[in-house]
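# Structure at a glance
Here are the chains, one letter per residue:
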Amino acid sequence: MTLYLTRSPRLRPTLRLRLTLLNGILLIGAGAILVLLAWLLVRDALRPTDELLPGTTVVLADGRTLDAGQWQRQLVDAASRELLAKGLVALLAISVVGVAGAYAVAGRALRPLHQVTSTARRLGEATLDQRIGYSGADDEVAELAKTFDAMLDRIAEAFEAQKRFVANASHELRTPLAVMRTEIDVTLSDDEADTAEFRRMATVVRDASERANGLVDALLVLARSEAQAGRRLGRKTECDLADGTAGALSAVRREVERIKLRVETALEPAPVVGDPGLLGRLAGNLIENAVRYNHLHGRLWVRTGSDGRESWLVVGNTGFEVDQADVPGLFEPFRRGGRERTGARGSGLGLSIVRAVCDAHGGSVKVVAQPGGGLEVTVTLPAADATPLVSASAAVTTAALPGSGAVTTTD
């Protein structure tokens, strides 16, 4: 448990206290300047005898006779004393009222900040649904409250995504383990099991272990890619997307021949700077998906190229029609869309890894749903001659079918 020690609110110079003191200083200073100006104006204005002849006398109401100059000095002194006395009393009263009002106004203005603080203190995994819900004036404080609520929304979504990911990963890993245990238990409990039965059991166990091993490898690649997303890559060397693509095509040649796909390639140089292992997995995942979700006598087209500023890899395939609304979800872990994507083939992490690798290399992924079925995926990365992006977010753009608009999502 981590303890955070905080000072007592009465001992620390809070923002409310500082605003009140600042407002009081400004108010008292402005009032003092006004009193001083009034005092100077009165002293300069009360000079009625300056226009009289020297030696002129004035008769007061009580019958006394005074020299005009002496009477003027007495008048100015009396008016100055009265102005200073009443002005200081008024300044004191205005200062007290002003400071008290400033304290109350500052407290009311800063009330949403206290709500932010109290909400942040109550936040936990079980209370991520709480929000400030500020409904005051549309000012900077309201903007802060809305920003905090939006941040909580993003955090809650991240927690939910993490929970789903853990649950899906656990389920995917549990399935091959359950298959292996069931096969072993059933075979061992059969007293009449012969060598052929044990061989069959060993084959099933081997296939299940390969599936579990492939899932673990995919999880490790995804974690490695996401750990480097938005940061400097741990390994950066100059490589060519065309080379990794050619190797990926070679790896699926037997499957391509089995389902008799027509392969069209245009592998032009596409130099980039990055992690060759991750970029090779990116090309391999795209091509494996294009083959796995294709149909008999279908098409597969692969292109690479560069314009000196950006390098790209395009992988397209025919296949079953994918609903346009399901395309962004294909990039989420363990999501399989379409009729044939609900089976056990693959781990459901292929496009998630593609997106994470693009993010780590400062690139983007564009997905076009083909009118007759299938997808065309375009990966764009900074070229080797260009300055690689240090941080970026891989945008997934889903181009709509003719007659509808395009949708772009960015994480």
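Everything below is about the structure printed above this text.
Residues numbered from 1 in each chain as written. Predicted model: local features only at pLDDT ≥ 70, side-chain atom pairs only at ≥ 80, totals over all residues. Heavy atoms only, no water.

## As for the overall build of the protein chain
Across its full length, the protein chain carries 9 helices and 11 strands. Expressed as a percentage of the 411 residues in the protein chain, the buried residues total 35%. Within the protein chain, residue pairs in contact and separated by at least 24 positions form 69% of the contacts whose partners lie at least 6 positions apart. Here the protein chain displays about 24900 Å² of accessible surface, and carbon together with sulfur accounts for 57% of that area. (Helix = DSSP H or I, 4+ residues; strand = E, 2+ residues; numbered from the N terminus. Buried < 20%, exposed > 50% of the residue type's maximum accessible area, 1.4 Å probe, protein only. Contact = heavy atoms within 4.5 Å. Areas by Shrake-Rupley, 256 points an atom, 1.4 Å probe, with all protein chains shown as cover.)

## Here we look at a negative patch on the surface
A cluster of acidic residues, Asp138, Asp139, Glu140 and Glu143, forms a negative patch at the surface. Along the chain, Glu143 falls in helix α4 (residues 140-189). On the basis of relative accessible area, Glu143 is assigned to the exposed category, the value being 53%. (Patch = residues over 30% accessible without salt bridge, like charges linked within 9 Å, V, L, I, M, F, W, Y side chains within 5 Å. Salt bridge = Lys/Arg side-chain N within 4 Å of Asp/Glu carboxyl O. Lys, Arg positive; Asp, Glu negative; His and termini not counted. Charge placed at Lys NZ, Arg CZ, Asp CG, Glu CD.)

## Examining the packing of aromatic side chains
One pass over the structure, following the stated rule, counts 0 aromatic pairs. Stacked on the ring of Tyr103, the Lys or Arg Arg16 has its end atom at 3.7 Å from the ring centre. (Phe/Tyr/Trp six-rings, centres within 6.5 Å; stacked < 30°, edge-to-face > 60°. Lys NZ or Arg CZ within 6 Å of the ring centre and 35° of its normal.)

## Considering the side chain of Thr318
Its place among the elements puts Thr318 in the loop between β7 (310-317) and α9 (350-360). Its relative accessible area of 16% is what places Thr318 among the buried residues. A polar contact is formed between the side chain of Thr318 and the backbone nitrogen of Arg299, at a distance of 2.9 Å. Leaving out residues up to four positions away in the same chain, Thr318 has contacts with Tyr293, Asn294, His295, Gly298, Arg299, Trp301, Gly373 and Gly374. (Polar contact = N/O pair within 3.5 Å; in protein donor to acceptor, adjacent residues only side chain to side chain.)

## With respect to the nonpolar core
Ranked by internal contacts, the top residues of the largest apolar core, which has 39 residues, are Leu282, Leu286, Val291, Leu313, Val315, Val354 and Val379. Broken down by secondary-structure element, the contributors of at least two residues to this core are α6 (241-251), α8 (276-292), β6 (299-306), β7, α9, β8 (364-369) and β9 (375-382). Per-element tally for this core: the top contributor is α8, with 8 residues. Sequence-distant contacts of Leu286, that is, excluding residues within four places in its chain, are made with Leu313, Val315, Leu351, Val354, Val377 and Val379. Val116, Ile132, Ala145 and Leu152 belong to the second-largest nonpolar core, a separate cluster that totals 5 residues. (Core = buried A, V, L, I, M, F, W, Y, C linked by side-chain atoms within 4.5 Å.)

These results come straight from atomic positions and should not be treated as a statement about function.
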